[in-house]
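Residue-level listing of the chains:
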Amino acid sequence: MEKFTTLDSTAIPLNVSNIDTDQIIPARFLKATDKKGFGDNLFRDWRYDKENNLIPEFVLNSSKYKGKILVAGDNFGCGSSREHAAWALVGYGFKVIISSFFADIFKANALNNGLLPIQVDKVFLSKIFNLINGNDNLIFSVNLENQSLSIGDDHLTTFFDIDSYKKTCLLNGYDDIDYLISEKNAIEAFELKNK
């Protein structure tokens, strides 16, 4: 995985609650076991009409909004436990998802794939949507080491929680196997000591 330390980016607002994994990546696209190409079908049924034309009103199709951060409504990633939802978001180019609540399995899948889910309270999330509506070029600054999210020139800031193990993995670009390999010397020393 790519290391994640800081990110400065504009954000795309998707002010919809209860977005489930079938909306993120419809089940008909789950036939592949390779991560490639899933980003092309992110929010497929919201981005395209039945004739396969882009729906201009959908926020990901708008030239107004760009960025590596998706700001979504409450309860993001609910529904089935498909890891493909995280693959699709990463494949599209997102590095961070901000919401007031994430389904547990989605959150784990996101972290395992280098996607940082930042949970904020509902009042702060509402402020974010209001700020983006007033300024689509608003810069969001994420600092994983400090576990902070700052927004705009006024630096409206909040702090977020993250599991310390997953934080270490993201900061170093490790998946679970990479982490074990990084601890090889400590593991070998433990084995020698406890023979």
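Preceding this section is the structure that the text describes.
Presented here is a report on the structure given in the accompanying data block.

About the cut-offs
Residues numbered from 1 in each chain as written. Predicted model: local features only at pLDDT ≥ 70, side-chain atom pairs only at ≥ 80, totals over all residues. Heavy atoms only, no water. Helix = DSSP H or I, 4+ residues; strand = E, 2+ residues; numbered from the N terminus. Contact = heavy atoms within 4.5 Å. Polar contact = N/O pair within 3.5 Å; in protein donor to acceptor, adjacent residues only side chain to side chain. Buried < 20%, exposed > 50% of the residue type's maximum accessible area, 1.4 Å probe, protein only. Pairing = 2+ DSSP bridges. Salt bridge = Lys/Arg side-chain N within 4 Å of Asp/Glu carboxyl O. Phe/Tyr/Trp six-rings, centres within 6.5 Å; stacked < 30°, edge-to-face > 60°. Lys NZ or Arg CZ within 6 Å of the ring centre and 35° of its normal. Patch = residues over 30% accessible without salt bridge, like charges linked within 9 Å, V, L, I, M, F, W, Y side chains within 5 Å. Areas by Shrake-Rupley, 256 points an atom, 1.4 Å probe, with all protein chains shown as cover. Axes fitted to C-alpha atoms, helices over the stretch in contact; angles between N-to-C directions. Parallel < 35°, antiparallel > 145°, perpendicular 65-115°, else oblique. Left-handed = near helix turned anticlockwise from the far one by under 90°. Expected span 1.5 Å × (residues − 1). Arc of directions from axis to C-beta.

## Remarks on the environment of E2
Within the secondary structure, E2 sits in the segment before β1 (6-9). When the C-alpha atoms of E2 and C169 are compared, they prove to be 10.0 Å apart, with 167 residues separating the residues in sequence. If near-sequence neighbours (up to four positions away) are discounted, E2 is found in contact with K95, L170 and G173. Only 3.4 Å separates the side chain of E2 from the side chain of K95, close enough to count as a polar contact.

## Examining the pairing of strand β7 (residues 148-151)
It is a general feature of regular strands that their side chains alternate between the two faces of the sheet. What you see with β7 is no split at all: S148 and S150 on one side and L149 and I151 on the other are buried throughout. Note: β7 against strand β8 (residues 156-159), four bridges, orientation antiparallel. Its bridge partner lying in β8, S148 is registered against F159. Count of turn residues in the β7/β8 antiparallel hairpin: four residues, of which G152 carries a positive phi of about 70 degrees.

## Quick word on the pattern of salt bridges
Per the counting criterion, the structure on display carries six salt bridges. Across the pair D22 and R82 runs a salt bridge, and its minimum N-O distance is 3.0 Å. Note that D22 is positioned in helix α1 (residues 21-24) and R82 in the loop between β3 (69-72) and α3 (84-92), a separation of 60 residues in sequence. D22 sits in the partly exposed class, given a relative accessible area of 36%. With a shortest N-O distance of 3.5 Å, K166 and D176 are connected by a salt bridge. A residue pair is termed long-range when its members are at least 10 positions apart, and K166 in helix α6 (residues 164-172) and D176 in helix α7 (residues 176-182) qualify at 10 residues.

## Notes on the packing of aromatic side chains
Within the structure shown, the criterion is met by 10 aromatic pairs. Ring centres of Y174 and Y179 lie 6.4 Å apart, and the angle between their planes is 65 degrees; on these two criteria the pair is classed as edge-to-face. Judged by its relative accessible area of 24%, Y179 falls in the partly exposed class. Here a set of aromatic residues connected by ring pairs shows up, and it is made of F43, W46 and F58. Here R44 stacks its cationic end above the ring of Y48, 4.0 Å away from the centre of that ring.

## Focus: a nonpolar patch on the surface
Taken together, the side chains of I177, L180, I181 and I187 present a nonpolar region at the surface, about 390 Å² in accessible area. By residue number, the principal contributor to the nonpolar patch is α7, which donates three residues. Counting through the fold element by element, I181 comes out in helix α7.

## So, the packing of α3 against helix α4 (residues 104-112)
At a minimum axis distance of 8 Å, the contact between α3 and α4 shows a crossing angle of 50 degrees. It follows from the interaxial angle that α3 and α4 lie oblique. The way α3 lies across α4 gives a crossing that is right-handed. In this structure, α3 uses A85, A86 and L89 to contact α4, whose residues at the interface are F106, N109 and A110.

## Concerning helix α5 (residues 122-134)
An α-helical segment advances 3.6 residues per turn. Residues three or four places apart therefore align on the same side. Along its 13 residues, α5 runs 19 Å from first to last C-alpha, staying within 8% of the 18 Å computed at 1.5 Å per residue. Residues of α5 that are buried: F124, L125, I128, F129 and I132. Buried positions in α5, seen along its axis, are confined to an arc of 145 degrees and lie on one side of it. Away from its buried face by more than 90 degrees, α5 exposes V123, N130, N133 and G134.

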